[in-house]
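What follows is each chain in one-letter form.
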Protein chains: 2
Amino acid sequence: MSSICAVLAKEETLQEDQRKPTFDFKSYMLQKANSVNKALDAAVSLKEPAKIHESMRYSLLAGGKRVRPVLCLAACDLVGGSESMALPAACAVEMIHTMSLMHDDLPCMDNDDLRRGKPTNHIVFGEDVAVLAGDALLSFAFEHVAVSTIHVSPLRIVRAIGELAKAIGAEGLVAGQVVDICSEGLSEVGLEQLEFIHVHKTAKLLEGAVVLGAILGGGTDEEVEKLRKYAITPSHANLFASCCLPKGLISSFLNLSWARWAAITNRPLLETLKQLIGEPSMRF
Amino acid sequence: MSSICAVLAKEETLQEDQRKPTFDFKSYMLQKANSVNKALDAAVSLKEPAKIHESMRYSLLAGGKRVRPVLCLAACDLVGGSESMALPAACAVEMIHTMSLMHDDLPCMDNDDLRRGKPTNHIVFGEDVAVLAGDALLSFAFEHVAVSTIHVSPLRIVRAIGELAKAIGAEGLVAGQVVDICSEGLSEVGLEQLEFIHVHKTAKLLEGAVVLGAILGGGTDEEVEKLRKYAITPSHANLFASCCLPKGLISSFLNLSWARWAAITNRPLLETLKQLIGEPSMRF
C-alpha cells in the first residue's frame, strides 16, 4: 500500500513539474521591478514640505533597472519568503542607491549635470536641497524597514538594519567613494586599490541587498552566509567586466562563481539571478 | 508582628532617604557626558580608510555639551532602565546631530568656516569628504543602535530605530532645514513658519533623544508618550528663548511645561531635566 502511495506521489510530482511553466527571466524582472516601483511611489509620497519630497521623488522615480531591489526580492524568494517580507527592505536599498548617486553628482564630488538622461537633482533643486534630500532618503530607508516590514520577527529586522547600515557606511559604500576621491590625480592606482574602490562603491550594497532578502525571507544562517558569498563574487566579477579585466578572465571568474552558486541551489530562481547578474543589459 | 515589620521597613526607608546624597546636577551632567564621550571615541575608532574616519572623529569629538545624549540617558534612567541600554542610542543621536551640523556648514548651505571655535569639517577635509563623512555618521548611527544595544528586546530596538529615523528625515530635522532655506530672502516670515522651522530643525531630535531613552529603558507606552509631550514643550520653549520671545513670555511658557512635567514624576531626575533644559549655559 505504501509503495502504491509512493508511486502516486511521484506521479503527482512529475505532473506538477510538467505543468510548471518555463521560467521567463524577463517577465520575472519586469514583475518584480513593477512591484518595487509601485512601493517606492507609495512610500515617498508628495507631502509637505513639498520641495524636499519633490526632490526625493525626482531622483527616486527617475527610472533605473531596480537591480538591487530585485536581487533583494529574489534572495527572499529563494529562501522561501514572500515578497511582502522583503519589499520595504528592497525599497530601502533603492533609496540608498539613489541617495548615493545624488550626493555623488554634486559639484564638490563628480559634478555631473546629467543622470539617466535627465538633469541631476542639484541642477533642478539646488545643491542645498540635493544634499538634504539625500540625507532624508538615507534616514527614510531605515525608517521604512523598521516601520513597514511585516510578518518578520523583530530580531530579523534588527539584523537586517545592521547589515544595511554596514553596507553603506565608512566600511562600505562611503569607504569606496572616499578611496576613489583620494586616488584622483594619482599617476598610478594599483589593482588592489582599484578592487577596493569597486568592491566598496558598488558590490557592498549589492551584497547587502541579497543578504537583507535572505535574512527577512527567513533564511537559515547557513543560507544567508552562502548567499553573501554568492553575492560578493559575481557582483565583483561584473564590476571587473565593466572596467579592467580582459574578456577571457571575466568569463572564467563568472563561471567560478556560478559553480559555487549552483552548489547552493538548483531551483529555477538560479536562472533569474544568473541572468540578472550575467546579462550585459543588467550591468549595475 | 507584621506591624513591627512595617515600622522597621519604614525606618529603613527613612534611613536610606537620609543617606541619599543631595542631587548634584553638574556632576550628573559631567558623569553622563563623560560616558557618552568615551563611548563615542570607542564607537568611531580610527581605522582604514583613515581619511573618512579622521573626518568623522574630527567633528564628533570636537567637544559639545552632549545635551541630546544626556537627555536620552536621563529618560532611560527615569523609566528605570540602566545606562548601557540607551548608551548606543545616545551616541547615535549625537552622531546625527554632528552630521546635521557638518552638512549645514557646507558652502552650499550656511557656508560656515568655524564651528565650536575650530575650522569646520569641509575646511579641514574638503567638501567632498565632509559630505561623505556626514553620510557615514548617519548610517553608522543606525548600525550602532542595531548592533550594539544590549539587554533590550529586538521589538523595542526596532521601535527606537523607527523613532530616530523619523526625527531626522523629511518630516523631522530635514523638513526644518528645507523650510529654513526656502524662507531665506523672504521679506516676511510668519510666526507659524518660524515655529515650524525651529520645532523641526531642533526640537524633533531632542524629542527623539528623550523618546528613544524611554523606549530602550523599558518605559510603558504611557510613560513614553508623556515623556514625548514633555520633550516637545520645553525644548520648543527653549528655542523661542534663544530667538524671538520677550523674557516674560519665555518663563511663563517654561513654567507651564514644568508644571506638566511635575505631574509625571517627582523623582530627583526631574531636577536634572529641568536644569538641563532651563539652564542658559545648556542652550541647544
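Residues numbered from 1 in each chain as written. Chains lettered and ligands numbered in written order. Predicted model: local features only at pLDDT ≥ 70, side-chain atom pairs only at ≥ 80, totals over all residues. Heavy atoms only, no water.

### Looking at the overall build of chain A
Scanning chain A from N- to C-terminus turns up 13 helices and 2 strands. Sorting the 284 residues of chain A into buried and exposed places 53% on the buried side. Here the contacts in chain A between residues at least 6 apart in sequence split such that 72% fall between residues at least 24 apart. When the accessible surface of chain A is split by element, carbon and sulfur atoms take 55% of a total near 12,500 Å². (Helix = DSSP H or I, 4+ residues; strand = E, 2+ residues; numbered from the N terminus. Buried < 20%, exposed > 50% of the residue type's maximum accessible area, 1.4 Å probe, protein only. Contact = heavy atoms within 4.5 Å. Areas by Shrake-Rupley, 256 points an atom, 1.4 Å probe, with all protein chains shown as cover.)

### Description of the pattern of salt bridges
Enumeration according to the criterion identifies 24 salt bridges over all chains in this entry. A salt bridge links E83 of chain A to K32 of chain A; the nearest nitrogen and oxygen atoms lie 3.0 Å apart. Of this pair, E83 of chain A sits in helix α5 (residues 83–104) while K32 of chain A sits in helix α2 (residues 25–43), and the two are 51 residues apart along the sequence. You can call E83 of chain A partly exposed: its relative accessible area is 25%. In this structure, the salt-bridge partner of E171 of chain B is K47 of chain A, at a minimum N-O distance of 3.2 Å. Here K47 of chain A lies in the loop between α2 and α3 (50–60) and E171 of chain B lies in the loop between α8 (154–168) and α9 (173–183), a pairing that spans two chains. (Salt bridge = Lys/Arg side-chain N within 4 Å of Asp/Glu carboxyl O.)

### Describing the interface of chain B and chain A
Contacts between the two partners involve 44 residues from chain B, matched on the other side by 44 residues from chain A. Interface of chain B and chain A: buried area, both sides summed, is about 3,600 Å²; carbon and sulfur atoms make up 79% of it. Applying the counting rule to chain B against chain A returns 2 salt bridges. When contributions to the side of chain B that touches chain A are tallied by element, the ones reaching two or more residues are α3 (50–60), α5 (83–104), α7 (127–148), α8 and α9 of chain B. Tallying contributions element by element places α7 of chain B first for the side of chain B that touches chain A, with 13 residues. For the side of chain B that touches chain A, a count of residues per class yields 30 nonpolar, 6 polar and 8 charged. (Buried area = accessible area lost by both parts, 1.4 Å probe. Nonpolar A, V, L, I, M, F, W, Y, C, P; charged D, E, K, R; others polar.)

### Observations regarding the relation of the copies chain B and chain A
Mapping chain B onto chain A calls for a screw motion: a turn of 180° about the axis and a shift of 0.0 Å along it, with 0.0 Å RMSD after fitting. Seen this way, the second copy is the image of the first under a two-fold rotation axis. By C-alpha distance to the rotation axis, the residue of chain B lying nearest is P154 of chain B, at 2.6 Å. Interface residue correspondence from chain B to chain A reaches 100%, placing this contact among same-surface, isologous pairings. (Least-squares fit on C-alpha atoms with pLDDT ≥ 70 in both.)

### Focus: the packing of helix α9 (residues 173–183) of chain A against α7 of chain B
The interhelical angle for the contact between α9 of chain A and α7 of chain B, taken along N-to-C directions, is 170°, at an axis separation of 10 Å. Here α9 of chain A lies roughly antiparallel to α7 of chain B, going by the angle between them. Considering only the axes of α9 of chain A and α7 of chain B, their crossing is left-handed. Where α9 of chain A abuts α7 of chain B, its residues V174, Q177, V178 and I181 of chain A lie against D128, V129, L132, D135 and A136 of chain B. (Axes fitted to C-alpha atoms, helices over the stretch in contact; angles between N-to-C directions. Parallel < 35°, antiparallel > 145°, perpendicular 65-115°, else oblique. Left-handed = near helix turned anticlockwise from the far one by under 90°.)

### Looking at the confidence of the model for chain A
Residue and element names in this part refer to chain A. Taken as a whole, chain A shows an average pLDDT of 79; of its residues, 73% reach a score of 70 or greater. When mean pLDDT is taken per element in chain A, helix α6 (residues 121–125) scores highest with 98 and helix α12 (residues 247–264) scores lowest with 42. Segment residues 1–9 is flagged for pLDDT under 50; beyond a separation of four residues in sequence, or across chains, it makes 0 contacts in the model. For the stretch residues 239–270, pLDDT sits under 50, and the model shows 43 contacts to residues farther than four places along the chain or on other chains. Two numbers describe this predicted complex: its pTM, 0.82, and its ipTM, 0.81. (pLDDT = per-residue confidence, 0-100.)

### Re the packing of α3 of chain B against α5 of chain B
Residues and elements named next belong to chain B. Remark: α3 packs on α5, axes separated minimally by 9 Å, with the N-to-C direction vectors making an angle of 100°. The angle between α3 and α5 falls in the class roughly perpendicular. For the pair α3 and α5, the contacting residues are S55, S59 and L60 in the first and E94, M95, T98 and M102 in the second. Residues that form the contact of α3 with α5 fall into these classes: 3 nonpolar, 3 polar and 1 charged.

### Notes on the side chain of H200 of chain B
Its place among the elements puts H200 of chain B in helix α10 (residues 191–216). In this structure H200 of chain B touches E171, G172, L173, A175 and G176 of chain B, once residues within four positions along its chain are discounted.

### Points about the packing of aromatic side chains
Evaluated as defined, the whole model comprises 3 aromatic pairs over all chains. Between F142 of chain A and F142 of chain B, the ring centres sit 4.3 Å apart and the planes meet at 15°, which makes this aromatic pair stacked. Separated into two different chains, F142 of chain A in helix α7 (residues 127–148) and F142 of chain B in helix α7 make up a pair that spans both. Residue F142 of chain B is classed as buried on the basis of its relative accessible area, which comes to 0%. Sitting over the face of the ring of Y58 of chain B, K118 of chain B holds its NZ or CZ atom 4.5 Å from the ring centroid. (Phe/Tyr/Trp six-rings, centres within 6.5 Å; stacked < 30°, edge-to-face > 60°. Lys NZ or Arg CZ within 6 Å of the ring centre and 35° of its normal.)

### Describing the environment of S100 of chain A
All names here are of chain A. Here S100 is to be found in helix α5. A C-alpha to C-alpha distance of 9.4 Å links S100 and K201, two positions 101 residues apart in sequence. Among residues more than four places away in sequence, those in contact with S100 are L173 and Q177.

### Regarding α7 of chain B
Look at α7 of chain B: 30 Å from first C-alpha to last across 22 residues, which is about the 32 Å you get at 1.5 Å a residue. Most of α7 of chain B sits out of view: 19 of its 22 residues are buried. (Expected span 1.5 Å × (residues − 1).)

### Overview of the side chain of S183 of chain A
Along the chain, S183 of chain A falls in helix α9. Here Q193 of chain A takes part through its side chain, which lies 3.1 Å from a polar atom of the side chain of S183 of chain A. (Polar contact = N/O pair within 3.5 Å; in protein donor to acceptor, adjacent residues only side chain to side chain.)

### Details of the nonpolar core
I52, M95 and L164 of chain A together with I52, M95 and L164 of chain B are the most contacted members of the largest nonpolar core, which totals 150 residues. Setting aside residues no more than four positions away along its own chain, I52 of chain A makes contact with V129, L132 and A133 of chain A together with A170, V174 and V178 of chain B. (Core = buried A, V, L, I, M, F, W, Y, C linked by side-chain atoms within 4.5 Å.)

### Looking at α5 of chain A
Over its 22 residues, α5 of chain A runs 31 Å from end to end, which matches the ideal 32 Å to within 8%, given 1.5 Å per residue. Here α5 of chain A lies mainly inside the structure; 20 of its 22 residues are buried.

### Topic: the environment of N37 of chain A
Following the sequence through the fold, N37 of chain A ends up in helix α2. Along the chain, N37 of chain A and V189 of chain A lie 152 residues apart, while their C-alpha atoms are 38 Å from each other.

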